[in-house]
Amino acid sequence: MKHWKKILFWGLAISLGLVISLAPMPVKATSSNQKLFKIQASRFAFSPAVLAVNPGDQVTIELVSQDVVHGLSIDGYDLHLVADPGQTASMTFTAGQAGSYTLRCSETCGAMHPFMVGKLQVGGNDLLWRAAGLALLAVIAGVWWKRV
Amino acid sequence: MREKLARWIVILLLLVTVMGVAAAWKARSDEGILHARLPEHGGWIPGDLRATVGQPLTIRMTSDDVTHSFAVGQMDMQAVNINPGEMSEVTLNFDRPGKYTFYCTRWCGADHWRMRGTIEVSGAGMEEPVKYEPPLYLRLGLDIDAEHHAQFLPSQEPSAARGARLEHRLPQQYTSWEYYISHSPSSAWQELRNDRSLSDLSDAELWDLAAYAWAQHSPPEAVQTGAGLYKENCAACHGETGDGEGVFANELAGDTHALDGHATTTPTDFSDEEHMLGAAPAVLHGKIIRGGMGTGMPYWGPIFTDEQVWALVSYLWTYQFNFSMEVTQ
Ligand SMILES: [Cu+2]
Ligand SMILES: [Cu+2]
């Protein structure tokens, strides 16, 4: 392969790779939606444990405890809920920057309490798409490399 | 050889002394600490405390598992939270001897209400012995375990406000306390219907009068007190909306209880008209203080004052009657 072709190949591959992994996603439906989650808390899990929302969404969480007193806090948010069985607790907040944030039980509820966690997934699952894009790029590049 | 043996003996003695001191120290620091545990793991340890009239009792408390709290039944006090890994403290004053019940106010499982202990208070004050009075339902000769079905049902939610406009038609005996406690709404309505002087009123108007009569014994403050007590003590079984679908309802349905071997039933649905309109207030009062004796319904007699129990009864009527004095229609 000629020298300039090699440079072109790598240049193209690297810049495409950068675009795929870093390009800002086109902002979908910026109109903020209202999302309601009714989370059941029992020793030692939240159900559902993964909340998928978009940035700007008005998120309402209702926490229903099924056995002992549980709590809920979200990393990166200054929020705190405590729910006694029979007393549903609720809060509303606006989802901020895209990313994945850990939900934690904030009331000690027994031996496995530290593992009582969940996830607030803000924004579409970009990471997955970007990874798929990069994989595809690698395959195409590989094929092309062989050809030339 | 001898020297070696002597050396070992000295070391052994030292060890024993150190361990003894450590054990004593631990026992001392653990002494007087009240441990709170899930009922299936022992509840309160120790479960029986002692106190003397006129001498403040200070209790240091900690939890061995989840969030609990401490309160004494029928005592005007703020419940004290007990968190795992933390030490809480409460000081109690008793001005009367007797047996007090302390209990946990933060739900910790379907058996949470079994988390109770006693405080035996001795000392002066015995001059006037507490008269034993049988509970109201016994004095009235009511069987609180009998089935009760309303024979008559309203076609719309009875309104005390609409009833108030017909107040001048309501014979006085229906608004008395004695009448209220001993009659179910359905039987009160039946007596109103049979009253010749009211024959021009419609069925719905008579239900409104019944709601008005019931409202006389369910003032807003009582309903509000009852609502607060209900939320904290009853909603976990009877449901936050009174529909009997609390978070522990499933656990109670047809279960044979592990702790006492009784077969439990589903909690009462307070929005069920046929059931509730057939119950006299004294029956509900009796059930609350005595409990279901194995059905899963706890007994609250040692926990609530009589006033609080009546407030709960008043609140339960709000699932059947509209007590609001604003007319909406
Ligand atoms: Cu928890
Ligand atoms: Cu408890």
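Structure: above.
Residues numbered from 1 in each chain as written. Chains lettered and ligands numbered in written order. Predicted model: local features only at pLDDT ≥ 70, side-chain atom pairs only at ≥ 80, totals over all residues. Heavy atoms only, no water.

## A word on the packing of helix α7 (residues 220-233) of chain B against helix α12 (residues 306-317) of chain B
What describes two packed helices is the angle between their axes and the distance between those same axes. All names here are of chain B. Look at α7 against α12: their axes get within 7 Å of each other, and the N-to-C directions meet at 95 degrees. Here α7 is positioned roughly perpendicular relative to α12, judged by the angle of their axes. Contacts between α7 and α12 involve Ala 222, Val 223, Thr 225, Gly 226, Ala 227, Leu 229 and Tyr 230 from the former and Gln 308, Ala 311, Leu 312, Ser 314, Tyr 315 and Leu 316 from the latter. Of the residues assigned to the contact of α7 with α12, the class counts are nine nonpolar, four polar and no charged. (Axes fitted to C-alpha atoms, helices over the stretch in contact; angles between N-to-C directions. Helix = DSSP H or I, 4+ residues; strand = E, 2+ residues; numbered from the N terminus. Parallel < 35°, antiparallel > 145°, perpendicular 65-115°, else oblique. Contact = heavy atoms within 4.5 Å. Nonpolar A, V, L, I, M, F, W, Y, C, P; charged D, E, K, R; others polar.)

## Details of the nonpolar core
Counting residues in hydrophobic clusters, the biggest one holds 55 residues, and the most contacted among them are B:Leu192, B:Trp214, B:Tyr230, B:Trp317 and B:Phe323. Tallying contributions element by element places helix α6 (residues 203-215) of chain B first for this core, with nine residues. Once residues lying within four places of it in the same chain are set aside, the contact partners of B:Trp214 are B:Tyr180, B:His183, B:Ser184, B:Pro185, B:Ala188, B:Pro281, B:Trp317, B:Phe321 and B:Phe323. Within the second largest apolar cluster, 50 residues are counted, among which are A:Ala41, A:Leu51, A:Leu72 and B:Met115. (Core = buried A, V, L, I, M, F, W, Y, C linked by side-chain atoms within 4.5 Å. Buried < 20%, exposed > 50% of the residue type's maximum accessible area, 1.4 Å probe, protein only.)

## Digging into the layout of surface pockets
Residues and elements named next belong to chain B. Size it by volume and the second largest pocket reaches roughly 640 Å³. Every residue lining the second largest pocket is counted, 29 residues in all, and those nearest its centre are His 238, Pro 267, Thr 268, Lys 287 and Met 297. Breaking the lining of the second largest pocket down by element, the ones donating at least two residues are α8 (235-238), α10 (273-276), α11 (281-290) and α12. The dominant element in the lining of the second largest pocket, judged by the number of residues it contributes, is α11, at four residues. For the lining of the second largest pocket, a count of residues per class yields 17 nonpolar, nine polar and three charged. (1 Å grid on protein atoms, 1.4 Å probe; cavity = no way out; pocket = protein on both sides within 12 Å on 5 of 7 lines; lining within 4 Å. Points joined across faces, edges and corners; volume = space filled by probe spheres on them.)

## Some points on the sheet that holds strand β4 (residues 58-65) of chain A
All names here are of chain A. Here we have four strands laid out as an open sheet, ordered β2-β1-β4-β7, and mixed in their pairing. Every other strand in the sheet has two partners, leaving β2 (45-47) and β7 (89-94) as the edge strands with one partner each. Averaged over all adjacent pairs, the angle separating strand axes in this sheet is 25 degrees, with direction ignored. In terms of strand pairing, β4 meets β7 through six bridges, oriented antiparallel. Directly across from Glu 62, in β7, lies its bridge partner Ser 90. (Pairing = 2+ DSSP bridges.)

## Points about α6(B)
Residue and element names in this part refer to chain B. Counted at 1.5 Å a residue, the expected span for α6 with its 13 residues is 18 Å, and the 18 Å between its end C-alpha atoms agrees. Most of α6 is tucked away, with 10 of its 13 residues classed as buried. Within the span of α6, buried status applies to Leu 206, Trp 207, Asp 208, Leu 209, Ala 210, Ala 211, Tyr 212, Ala 213, Trp 214 and Ala 215. (Expected span 1.5 Å × (residues − 1).)

## Structural notes on the coordination of the copper ion (ligand 2)
Residues and elements named next belong to chain B. Coordination of the copper ion (ligand 2) by the protein comes from His 68 (ND1), Cys 104 (SG), Cys 108 (SG) and Met 115 (SD), over a distance range of 2.1 to 2.8 Å. For the copper ion (ligand 2), the four donor atoms in the first shell make angles of 87 to 140 degrees at the metal, so the coordination geometry reads as irregular. All donor residues of the copper ion (ligand 2) come from one chain, and their arrangement in sequence is H-x35-C-x3-C-x6-M. Residue class for Cys 108 comes out buried when judged on its relative accessible area of 1%. With a relative accessible area of 1%, Met 115 lands in the buried category. (Donors = N, O, S within 2.8 Å, 3.2 Å for Na, K, Ca; no water. Tetrahedral: all angles 85-135°; square planar, octahedral: opposite > 155°, others 65-115°.)

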